[in-house]
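# Inside the fold
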Amino acid sequence: MRWFARRLVFYVFAIWVALTLNFLLPRLMPGSPIAGLLEHLSPAQLAANPGIVQTYEALLGGGHHSIWQDYVTYLHRISHFNFGLSTSNYPTPVSEVVGRTLPYSIFLVGVAFILSFVIGTGVGMVAAWRRGRFTDSFVVPAFMTVSAFPAFVLALLGLYFLGLKAGWFPIQHAYDSNVIPAWSWTFIWSAFRHAQLPILVIIAAYAGGWVLNMRTVMINTIGEDYVGMAHAKGLRDRRVMTRYAGRNAILPPLNGFAAQFAGAVGGLVFVEIIFSYPGVGYTLQSAVLGNDYPLAQAILVVLSVCVIVANLIMDVLNFVLDPRLRTS
Amino acid sequence: MAQVDPTALDLPLAAPKRSIRVGRIRVPGWLALLLRNSKSRTGLLIVAFMVFIAIIAPLISVAHPNDFNILATRQAPSWHHLFGTTDQGSDVFSQVVVGARRSLLLGALAGALATLVAAALGITAAYVGGIVDEVVNLLTNVFLTIPAIPLLIVASGYLRARGMWTMIAVIALVLWAFEARILRAQALTLKNRDFVLAAKASGEPTWRIVFGELMPNMISRIAAAFVLVFYVSLLVDSGLEFLGLGDMSATSWGVTIYWAQVNSTVLQGEWWPFMFPSLALGLTVLGLVLVLAGIDEVSNPQLRAERTRGRLVRLLFGKAAA
Amino acid sequence: MRRSIRSTRRLAVVGVVAGLAVLALLGTASAPAATNNAAALAAAHKCLVMTGSGDPAFVKNFNPYTATGLPSGSFVQGAFYEPLIVIGEGGLKPVPWLARTWKWSNGNKTLTLKLAHGVKWSDGKPLTSLDVVYSLTAGQQNAAMDRIGLTGAGNNVQSIRAHGAYTVAITLKTPDSQFIAGTLNRQFIVPQHIWSKVADPATFTNSNPVGSGPFDKITRFTTQDYVFSKNPNYWQPGLPKIPCLEYVQAASNDSALALIQSGQVDWTHNFVPNVAQAYISKDPKHFHAFYATKAYPTSLVFDDTQYPYSLVAFRKALSLAIDRNSVSKLGEYGYGPPTDALGLQFLFPSSVTDASVKAQAKAMGTYNPTAAKKMLTDAGFTYKGSNLIDPKGNPVSLDIHVISGWSDWVASDQIIAKNLSDIGISSKEVLEPDWGSWQPNAYATKNPTLLWQNGSQGSAYGFLYANLSQNAYVPSGQDGETTGNWEHFADPAATPYLNQWKNSLDPEKQQTAATQLEKLFLNDMPIVPIYIGPRWSTYSTKYFHCFDSPKTFWGDPIFTTFPDNILSFTRICPGGQAGA
């Protein structure tokens, strides 16, 4: 239990560091949020709106305090979940923008990540168990090759070939535009259809890592005495693979969960942009390109918290799966 | 963006034999080992090819790969333009080969810097122990929970000048934690070995022990770390460029892909300005992943011995079990 | 033992579930997204669908004063809020709107507007002269609501009064022939009973706009699209012809292009490279691109107070040295036609009547590097090898700054830089990462750059005023945005002609002034007009027709340009039609 308490303390600390980093980043760099607002406008729009700079300055001009004062105010505000107003969606609160977009991202990355984990470790397990056979010689290299491409390349290829050319999948948005988000079957079906291609892309980009890791660890595990022992007992091959070797082999890759999940969250940004998926990843990019500090900061914090929560879940799972942790 | 998780890589601590003779050429031991493994051999060949192309780039490309040519816009690949031309008539082949220079250099340097930071921090922490170790460990773990790409997007969004060195520094600062954890764990197992204790007893300063004793003995592990961070940097950098958050006036794979996307070339059926740099990027990453997998196999007897299990099991328990 | 059996089962269950999930992902892939039946498609495609590119996820903000950076705040002007009079871009014939007739009196200082009768706000209250007076003077309540420069330093408005429920009189301090086209044109009318109660217009999101326009309800709003539905009680019977406007989100150029290629979106204003192949060729009968060239020129600007830009001969030589045809064809994909040295021939062709001015403008804007070199050497410039040396003995350099993401400008600048290098100027293009690093220096012309015109588009007066008037003059180093005097230049000789034009409503008097001003412009060459920045519009006649097109031109075809957009919103008609 002490182990668990230590983890919790660590997570709180990690959130604090993320918050502080967030606070410091924009203050270390030059640039003004007003300029960012204007960047969204094309030359034609700017020409059509003379005086727009003054309008924005009137809206956003603010006083200056010392950095420590700012920091205290900042922490105080964040602790009340007050992230301020989004400058690119002025005057909508950041929390509202994030609240509207986060559920879609969690759905997308959650499903895609769990699937790529299950598929990746499954393939890795089988490949290690039947070395040199079909899975090992063909499926593993295929996964490796596909995963060597950046997520945005895979996403664009998927959009073009599977979405536009073949017409199998919708290519934009989280649901059909004539559907109102609600707990209805129409909406769920529509959301499911629109999530298919993004999820497939994330799986293609990230399952390869799991495959390689699982295969390596599994091969090591297979050499262990207890696996040979299980065989000696005359247990069925598949049972030995899953119950003895697989169950133990899965622990080390689970420890790399943080890095993997954080990586997948990164890929989410690209996938959302390419599929116009209204999630936080896409919102993050537009916030950054529009110098919308409050929004970009809040999203980074929220994504960090997501990774931390995912880690927490993994810790619990680890705790259940690994007897050593419980006895120590 | 597959990441081979570093935890899975258990590498030998001792450096391999100094060199091996192949015919009349002396081949360094580590290279010979890697060349004997089919995976790393393929990987090394791919990477070497890319590096070779990058080196001879000025010889096989036009002088200014970003120059426009009104008479040759949007041409499909042909003998005249091997990889076709862009919307403005720039030669894609030239952009890809010249872009290889910057992409590879940036990835390698960012990888090297991140590895250096990771090695210095991780190994020192492990050796010194105590509060230093606690702090470094904490910092490493914190960095692992903040998603790297969103952090980089936000950081480079704030940057005004996004020159090569800035991007290298930013990427390295975000990615060092990947390896620091592993190198620290590795160093922990080393720190009580005789040669370290002997050096300590003879009164050598900490930095000498870290850099002079521990590091050379972990060189293969550090090399693997470098390969990993190298290709992650490549992917991350091209990703930032794809989002328009890199140095957009440079010539690199990510920048060519960015312009291909800005000009909506793929949707117009002009696949070449997008596919060729993407292929170059994917191939390089695949090469590095193969090298890494090879290092893994070379250093891990279990992985190396193909079908060992089958034979062993049969030997011990007879045919029925296999 | 029990436990591990369960965990085996769990593993098996997980495996099966994952397998099923993957099957589901792939298995439903071929389920058609929509039926192929054309009639059913048309029935489902009720609203006129529009999109932009790079829009953030939508938030409910329909404030027409402050949310102008968002599409929602832009075309709520025109859809919900109406203008008094519509003068389409380029000084087209005025179209009466809420003001049905108007008359100048009191020595051309008082403008009396007669308003339409029976106009109702969407909450049922009547729209009267009080609302119009309120809207015109709202700047006094909050500067953000000032549309006619009431709070600015150069305010020319004496008083605005209501006479009865349907008459409004605006009295100016001095006569201003540009008042309707240049000032009143931007004004939209909002309900006094709503807006006078808004404490802070800057933070008011106006999530349920009350307007008098052709659309009056937001019937759907999600992060990725929203719908404006038709006003059933609209005061102009039979209008609008379409049941609803829909705006959908597109994250990037690619997603916007995919949306128009598939016919899901009817109307956009994104820059589409190679529009003929990328868009029109996908359905030549229905897909159209109208790149309106009724616009001011995009010009090369620099600080005219700095040496050697202060030399007229140098500026004129630059004009001769730039190959405008190449810039237009390559940089702008042929969509933005090259201009002459004056740059008015597309937006205001009728304002250039003098034959000698026409000939001179043409000659001065025709690519001729030899003549450019001769002009320079005649003015005391010399050549050291192939490098140009100014009369003071320094090599001449001219680096053009541009934002790296503006692909057409980047391409154009590259050609210009090459042209200038050809006459010995050390010239290259400098890419800035974004607006923030480009804009301050560009707006103050601390470095040479391409820029658009900021003057009023009601008549050519706006252009000549911005570039020649002493009143518009912006000192060197300052931001030229307020008046559009980017180049920090004024010609005192222009003042009497500008006054003559402004004070007179007589077209003939205006024209004599115009000709004189045009001559002065060509004499001074304060900026170098290069090409027309077209007003992009792609539209599909698959489900709707009667779009703004070259044949039926009624103003700017862009749906966020007020007040021109209200003409499109009310004139576009339902039903597909082959051809424009």
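Everything numeric here is computed off the predicted structure, so don't read it as measured data.

Each value, and the rule that gives it
Residues numbered from 1 in each chain as written. Chains lettered and ligands numbered in written order. Predicted model: local features only at pLDDT ≥ 70, side-chain atom pairs only at ≥ 80, totals over all residues. Heavy atoms only, no water. Axes fitted to C-alpha atoms, helices over the stretch in contact; angles between N-to-C directions. Helix = DSSP H or I, 4+ residues; strand = E, 2+ residues; numbered from the N terminus. Left-handed = near helix turned anticlockwise from the far one by under 90°. Contact = heavy atoms within 4.5 Å. Pairing = 2+ DSSP bridges. Disulfide = S-S within 2.5 Å. Buried < 20%, exposed > 50% of the residue type's maximum accessible area, 1.4 Å probe, protein only.

All names here are of chain B. At their nearest, the axes of helix H3 (residues 92–128) and helix H4 (residues 130–145) sit 7 Å apart, and the two run at 145° to each other. Between H3 and H4 the crossing geometry is left-handed. Contacts between H3 and H4 involve Leu-121, Ala-125, Ala-126 and Val-128 from the former and Gly-130, Val-132, Asp-133 and Val-136 from the latter.

Residue and element names in this part refer to chain C. Geometrically, the link from Tyr-307 to Pro-308 is a cis peptide bond, its omega value of 0° lying close to zero. Mapped onto the fold, Pro-308 is located in the loop between strand E15 (297–301) and helix H9 (312–321). Between Phe-562 and the following residue, Pro-563, the backbone shows a cis peptide bond with an omega angle of 0°. Examined against the element boundaries, Pro-563 turns out to sit in the loop between strand E23 (544–545) and helix H18 (564–571).

Another point: the sheet that holds strand E6 (residues 110–115) of chain C. Residue and element names in this part refer to chain C. Pairing within the open sheet is antiparallel, and its four strands lie in the order E5-E6-E8-E7. The two strands at the open ends of the sheet, each matched to only one other strand, are strand E5 (99–105) and strand E7 (157–162). Ignoring strand direction, the axes of neighbouring strands in this sheet form an average angle of 15°. Two strands pair when backbone bridges link them, and E7 and strand E8 (residues 167–172) are joined in this way by five bridges, in the antiparallel orientation. Bridging across to E8, Arg-161 finds its partner in Ala-169. Set on the sheet, helix H4 (residues 129–137) makes contact with E6, E7 and E8; between it and E7 the angle comes to about 155°.

Residues and elements named next belong to chain C. Counted according to the given criterion, the structure contains two disulfides over all chains. Across a sulfur-sulfur distance of 2.1 Å, Cys-47 and Cys-244 are joined as a disulfide pair. Of note, the bridge from Cys-47 to Cys-244 carries an S-S torsion of about -90° and is left-handed in sense. Of this pair, Cys-47 sits in the loop between helix H2 (38–44) and strand E1 (48–51) while Cys-244 sits in strand E12 (residues 244–248); the two residues are 197 residues apart in sequence, bridging distant segments of the chain. At a sulfur-sulfur separation of 1.5 Å, the disulfide partner of Cys-546 is Cys-573. With Cys-546 in the loop between E23 and H18 and Cys-573 in strand E24 (residues 573–574), this residue pair connects regions lying 27 residues apart in the sequence. Overall, the relative accessible area of 25% leaves Cys-546 in the partly exposed class. Classification of Cys-573 by relative accessible area gives buried; the value is 11%. Along chain C, the cysteines engaged in disulfide bonds are linked according to the scheme 1-2, 3-4 when indexed in sequence order.

Okay, the environment of Leu70(C) next. Mapped onto the fold, Leu70(C) is located in the loop between E1 and helix H3 (71–79). Spatially, the C-alpha atoms of Leu70(C) and Val59(C) are 9.2 Å apart, while their sequence positions differ by eleven residues. If near-sequence neighbours (up to four positions away) are discounted, Leu70(C) is found in contact with Ser88(A), Asn89(A), Val59(C) and Asn61(C).

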